[in-house]
Amino acid sequence: MDINKLYKSKLKTAEEAVNYIKSNDRVVIAHAVGEPIYIVDKMVENYKAYKNVEIVQLVPMGHSLYAKEEMKEHFKLNAFFLGGNTRDAVYEGRGDFTPCFFYQIPTLFRSSLPVDVALVTVSPPDKDGFCSLGTSCDYTKPTAQAAKLTIAQVNKKMPRTLGDNFLHISDIDILVEHDEQIPELPNPKITDVEMKIGENCAKLINDGDTLQLGIGAIPDAVLKFLTNKKDLGIHSEMISDGVVDLYEKGVITCKKKTLHKNKMVVAFLMGTQKLYDFVHDNPIINMMDIEYVNNPIVIGQNDNMISINSALEVDLMGQVCAEAIGLKQFSGIGGQVDFVRGSAFSKGGKSIIAFPATARNGTISKIVPFLQKGSAVTTSRTDVDYIVTEYGIAHLKGETLRTRAKNLINIAAPQFREELIIEYENRFKEKFNN
Ligand code: COA
């Protein structure tokens, strides 16, 4: 096979490529910073050619112009996760949200949600014609494999990551060459409260443990308290810059892992250019699809698996809402439940849900008697294990409803404890006693 000839035969401009998208198609966009932003924007510019194109994506990191009010006849958002640019589309009724565990999304694309067009980003092909999907293997690779038509933006700035993360050019229908900066997720500013939460979480982590870290300031704060640990491992749907720092300090070695020893197993990457430079051609990074990385049975094969995620609200039974504020869908399920359950399968595993005890400048308690009306339970009370705030650690797994409520009140913000105690005393017909 003449790779050069094959490559050239598939090249088109973005304007030509988006003409292959038809009205009523289901278009799945690569996850997070794997989004081919140039092509997606060209698709939106071509809006007059379409009616009712369904746009499906998990974390959106591009401009999401298809979600604007004026595009509603042309595009219909069907989101697995919402961000700042897409939240209103669902809230205002011109878009939809589909609840799904992250690891099951590729199954949907092969069954009830068949994919007409996949839009992905790849690094330039190697001499044998293999392109790396770079920052996003997750559902992106299985989608490209399941789609009737795959359009790939070849971007020289996309790092070439290793693992099971390659598409051969013969499996891509259309290639569009366009280099652009991979979006960067700036390192979050970590507050004193988040530092305290990080310190509390770190108390549950031992040398040799394998970690999953969700998005945001809290995972980064946890990493800051792990500098004196040894031989930590990574099996995580995503990693960010904090993991690079700990690897460079010799804290993350992956030497004690019981699955994929000496490798960081990851499904997607999101951080700054420092992370993208680190992962480029780096054999310690083993990118794999989400069906594998987030499958709870696979996660559970890591002994001492510790998952750390966050939440918006937790009720006194330990029901965790991580995705909605009342009826308003805020984000999505992501991999939270995959890792809560996977950690439960792991010998020595623990799952941690960590968050500040209050929101909105201390005016709202995130530990509440009842979840807000219309809210969704992301992690059930039966799955939940540890809850951590700046006030301490509450262990819930295996505990009675009474003990759970007590443990949670003890880590709520002091100014909200009184009202929680009133609910405790009504519910359990006894005086609250620490
Ligand atoms: N009631 C009302 N508003 C609340 C609230 C509550 N109980 N808790 C938080 N908020 C508001 C905050 O004030 C903030 O508002 P702002 O954007 O106007 O400042 C907003 O909700 C976000 O809260 P914050 O605590 O800053 O969220 P975060 O960035 O730390 O993210 C989650 C927390 C739960 C939203 C995030 O982890 C998530 O989306 N998780 C999804 C599930 C998951 O964990 N998946 C695995 C990783 S993908």
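Definitions and limits used
Residues numbered from 1 in each chain as written. Predicted model: local features only at pLDDT ≥ 70, side-chain atom pairs only at ≥ 80, totals over all residues. Heavy atoms only, no water. Helix = DSSP H or I, 4+ residues; strand = E, 2+ residues; numbered from the N terminus. Rg over C-alpha atoms; globule rule 2.2 N^0.38 Å. Buried < 20%, exposed > 50% of the residue type's maximum accessible area, 1.4 Å probe, protein only. Contact = heavy atoms within 4.5 Å. Lys, Arg positive; Asp, Glu negative; His and termini not counted. Charge placed at Lys NZ, Arg CZ, Asp CG, Glu CD. Expected span 1.5 Å × (residues − 1). Domains from an automatic or database assignment. Buried area = accessible area lost by both parts, 1.4 Å probe. Salt bridge = Lys/Arg side-chain N within 4 Å of Asp/Glu carboxyl O. Polar contact = N/O pair within 3.5 Å; in protein donor to acceptor, adjacent residues only side chain to side chain. Pairing = 2+ DSSP bridges. Axes fitted to C-alpha atoms, helices over the stretch in contact; angles between N-to-C directions.

### What about the overall build of the chain?
1) Next: A tally of regular secondary structure across the chain gives 15 helices and 24 strands.
2) Next: Here the chain has a C-alpha radius of gyration of 22 Å; the compact-globule value for 434 residues is 22 Å, and the two agree.
3) Next: Its C-alpha atoms give the chain principal-axis dimensions of roughly 75 × 50 × 35 Å.
4) Next: Across the 434 residues of the chain, 59% fall into the buried class.
5) Next: Of the contacts made within the chain by residues no fewer than 6 positions apart, 70% connect residues no fewer than 24 positions apart.
6) Next: Both charge centroids of the chain, one from 50 positive and one from 54 negative side chains, sit 3 Å from each other.

### Notes on the side chain of threonine 86
1) Next: The topology assignment puts threonine 86 in the loop between strand 3 (75–79) and helix 4 (87–91).
2) Next: Threonine 86 gets classed as buried once you look at its relative accessible area, which sits at 2%.
3) Next: Setting aside residues no more than four positions away along its own chain, threonine 86 makes contact with Pro60, Ser64, Tyr66, Ala67, Leu77 and Phe81.

### Concerning helix 15 (residues 414–428)
1) Next: The first and last C-alpha atoms of helix 15 sit 21 Å apart over 15 residues, in line with the 21 Å expected at 1.5 Å per residue.
2) Next: Residues of helix 15 that are buried: Phe416, Leu420, Glu423, Tyr424 and Phe428.
3) Next: Looking at the packing, one finds that the buried side of helix 15 touches strand 20 (358–359), strand 21 (364–365), strand 22 (367–368) and helix 14 (401–409).
4) Next: Count one or two residues on from helix 15 and you reach lysine 429, which has phi positive near 55°.

### So, the domain arrangement of the chain
1) Next: Along its sequence, the chain is carved into domain 1 (3–177) and domain 2 (192–428).
2) Next: Taking only C-alpha atoms, the centre of domain 1 and the centre of domain 2 are 29 Å apart.
3) Next: Tallying the contact residues gives 33 residues for domain 1 and 33 residues for domain 2.
4) Next: Both faces combined, the contact of domain 1 with domain 2 buries some 2800 Å², and carbon together with sulfur accounts for 67% of it.
5) Next: Among the residues of domain 1 in contact with domain 2, Phe102, Tyr103 and Leu162 are the three that bury the most area, contributing 22% of the side total.
6) Next: In this structure, arginine 110 engages glutamate 291 in a salt bridge whose closest nitrogen and oxygen atoms are separated by 2.5 Å.
7) Next: The interface formed by domain 1 and domain 2 contains 14 residue pairs in polar contact (both at pLDDT 80 or more).
8) Next: Every element with two or more residues in the side of domain 1 that touches domain 2 is listed here: helix 4 and helix 5 (105–110).

### Regarding the pairing of strand 5 (residues 117–122)
1) Next: Of all six residues in strand 5, six are buried; the element is thus mostly enclosed.
2) Next: Here strand 5 shows a buried face lined by Val117, Leu119 and Thr121 and a second buried face lined by Ala118, Val120 and Val122.

### Points about the sheet that holds strand 12 (residues 264–269)
1) Next: With mixed pairing, the eight strands of this open sheet are ordered in space as 13-12-11-10-14-19-23-24. Looking along the sheet, the strands with just one partner apiece sit at the ends: strand 13 (285–287) and strand 24 (392–395). Geometrically, the sheet is characterised by an average inter-axis angle of 25° between neighbouring strands, direction not taken into account.
2) Next: Sheet topology note: the strand 14 (residues 305–309)/strand 19 (residues 350–354) ladder contains four bridges and is parallel. For isoleucine 308, the partnering residue across the bridge sits in strand 19 and is isoleucine 352.
3) Next: Each of strand 10 (210–213), strand 11 (233–239), strand 14 and strand 19 is contacted by helix 13 (residues 336–345), which is oriented at about 150° to strand 14, the strand it contacts most.

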